[in-house]
Each structure stands twice: as structure tokens, then as C-alpha cells.
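Here are the chains, one letter per residue:
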Amino acid sequence: MSSSDIFIGETIGTAVLILLGGGVCAAVTFKRSKAFNAGWVAIAFGWGFAVLTGAYLAGGVSGAHLNPAVTIGLAIEGGTKWSDVPLYLGSQLLGAMIGAVLVWATYYGQFRAHLTDPEIIAAQPADEGLVDQKAAPKAGPVLGIFSTGPEIRHSVQNLITEIIATVVLVLAILTQGLNDGGNGLGTLGALITALVVVGIGLSLGGPTGYAINPVRDLGPRIVHALLPLPNKGGSDWTYAWIPVAGPLIGGAIAGGLYNIAFK
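Quick summary incoming for the structure in this document. (Residues numbered from 1 in each chain as written. Predicted model: local features only at pLDDT ≥ 70, side-chain atom pairs only at ≥ 80, totals over all residues. Heavy atoms only, no water.)

### Observations regarding the packing of aromatic side chains
Per the counting criterion, the structure on display carries seven aromatic pairs. For the ring pair Tyr258 and Phe262, a centre distance of 5.7 Å and an interplane angle of 25 degrees mean the geometry is stacked. For Tyr258, a relative accessible area of 6% corresponds to the buried category. Classification of Phe262 by relative accessible area gives partly exposed; the value is 39%. Grouping aromatic residues by their ring pairs yields a cluster made of Phe30, Tyr107, Phe111 and Phe146. (Phe/Tyr/Trp six-rings, centres within 6.5 Å; stacked < 30°, edge-to-face > 60°. Buried < 20%, exposed > 50% of the residue type's maximum accessible area, 1.4 Å probe, protein only.)

The following block contains the structure:
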């Protein structure tokens, strides 16, 4: 596939992924939303459908990686040229940022109502705190719409959680090529991947919110930091390296495991 195919497919596919994934987080978060308090199951299925939609859109154009961890895993496995990796990663980050901006535009009124609600403002922590759970850093009241955060702030555990969850995701994607006599699952693969993401969310997402995708977290976090949102609070940059490093390590491990166990 050409460089333009990779750029267009990954940018649009990742933008739709983040629009729908961030959208379900917004729908569940805002009091002035019809889906307010719909819960974790709604979020898990919303992200699964987001992956399904983005993958179907981009699958025939760029291969629908939509995730640097997947790209790294495929490069180690041998299915993606290392020379294409920077273009994949840059396109995915751009798409993630565009998707986050679209979430903001879609829920513009809800953002303003939520961030000017005296009850919401009063509930925010008073200081920046530390990396340790004893004094969790200040994160803005809408940061969870854009990026992930841990329930118990422990860097080693949080990193391991993201690594394990990403290994499951990438290994499930790589082994699709072993089905149907080595021909893979075709368009059915997008559905299987979406269901794997739902399963990861339900089973492994509790500790950290399951980024399992570096740009899914980093791109929207950058947008959160840049958007002119009143009373938006901090972007929790002390934690931001974990949902980037963990999935990248997990993707690399999955690629290596595939080569050892399945080739």
C-alpha cells in the first residue's frame, strides 16, 4: 500500500475510533447527557464498537492498525515494513487528536455546563499532589473523557496491567492470520478484534481504564491540555507515560511471542 493509503486510512480510522470511544465516555460522564451514569459495561461495549467501526473504515485502505502497539507487533512479526512504522504512528496520533476535538465539538454544550457546575468545581482536589496514591495528582473533571487514569496509583502495577492487556489484544490480532488455512479472517477479523477489546475492558480494564493504545491516550490528553475549557484542571502528565510505554512494550512482547510460539 502507498504512503497516502497509510496516512488516509490510519488518520480517518483512528479519528473515528477516538470519536466513538471518547464519545461514550462523554455520554456516561455528563449529567446533561441521556446516557449519564450508564456505567462500565456501556463504556466497554462503546469502545468495542468504536474499534469495529474504525477498523471497517480503514481495513481496505491501510490495514487498520489504528494503534502503535499493533503496528509494532506487526513489524516484529514481519507483516509491516519497519520503514512504514513512523508514518503509521504519526498518522494514528494525528487521527487521535482529530477524534478528541470532534468529541469536544459534539458535546460542546455539555462540556460548558459540566465545567461551570458549582458542584463539579467544588468536588475537585485542592492540590497537585504526588505520583503515589497517598496524594493523587489533580486531574481535571473531564480528563477521563480524553484519557485514562488508574484507580490505584502504583506505577509498576499500572504499567504491568497495560502490558498484559496489550499482549492479549495484539496476540489476538496476530493469530487471526493462522485461521482459514493461513488466509486470516478477512472482514470478520474486525468483529473479532472488537469483541476482544470488549473482553479486555470488562476483564482487565478496571485497574487503569485499559488504554492498550498509546495514541488513544496521548493524542486526546494533548487536546485536553490545549482546548480552552473553563475549570478543566490538570492533564495528569505524571501518569501519561504509562499508557504510552505499557502498550508499546506489550505490542513488542506480543510480536516476539508470536514469532516464538506460532511461526
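Past the structure itself, the notes keep going.
### What to know about a nonpolar patch on the surface
On the surface, Phe7, Ile8, Ile12, Leu57, Leu94, Ile98 and Leu102 cluster together into a nonpolar patch covering about 580 Å² of accessible area. Breaking the nonpolar patch down by element, the ones donating at least two residues are α1 (3–29) and α4 (85–106). One can find Leu57 in helix α2 (residues 40–62). A relative accessible area of 48% means that Leu57 is categorised as partly exposed. (Patch = residues over 30% accessible without salt bridge, like charges linked within 9 Å, V, L, I, M, F, W, Y side chains within 5 Å. Areas by Shrake-Rupley, 256 points an atom, 1.4 Å probe, with all protein chains shown as cover. Salt bridge = Lys/Arg side-chain N within 4 Å of Asp/Glu carboxyl O. Helix = DSSP H or I, 4+ residues; strand = E, 2+ residues; numbered from the N terminus.)

### Considering the side chain of Thr175
Here Thr175 shows up in the loop between α8 (155–174) and α9 (188–204). Residue class for Thr175 comes out buried when judged on its relative accessible area of 19%.

### Here's the deal with the pattern of salt bridges
What the rule picks out here adds up to four salt bridges. Residue Arg153 pairs with Asp236 through a salt bridge whose shortest N-O separation is 2.8 Å. Of the two residues, Arg153 sits in the loop between α7 (143–146) and α8 while Asp236 sits in the loop between α10 (214–226) and α11 (242–261), which places them 83 residues apart along the sequence. The residues Arg153 and Asp236 share a single accessibility class, namely buried. In this structure, the salt-bridge partner of Arg221 is Asp217, at a minimum N-O distance of 2.7 Å. One end of the pair is Arg221 and the other is Asp217, both in helix α10 and four residues apart, which spans about a single turn. Asp217 matches Arg221 in its accessibility class, with the two residues each being buried. In the salt-bridge network here, residues are joined through shared partners; they are Lys31, Asp117 and Glu119.

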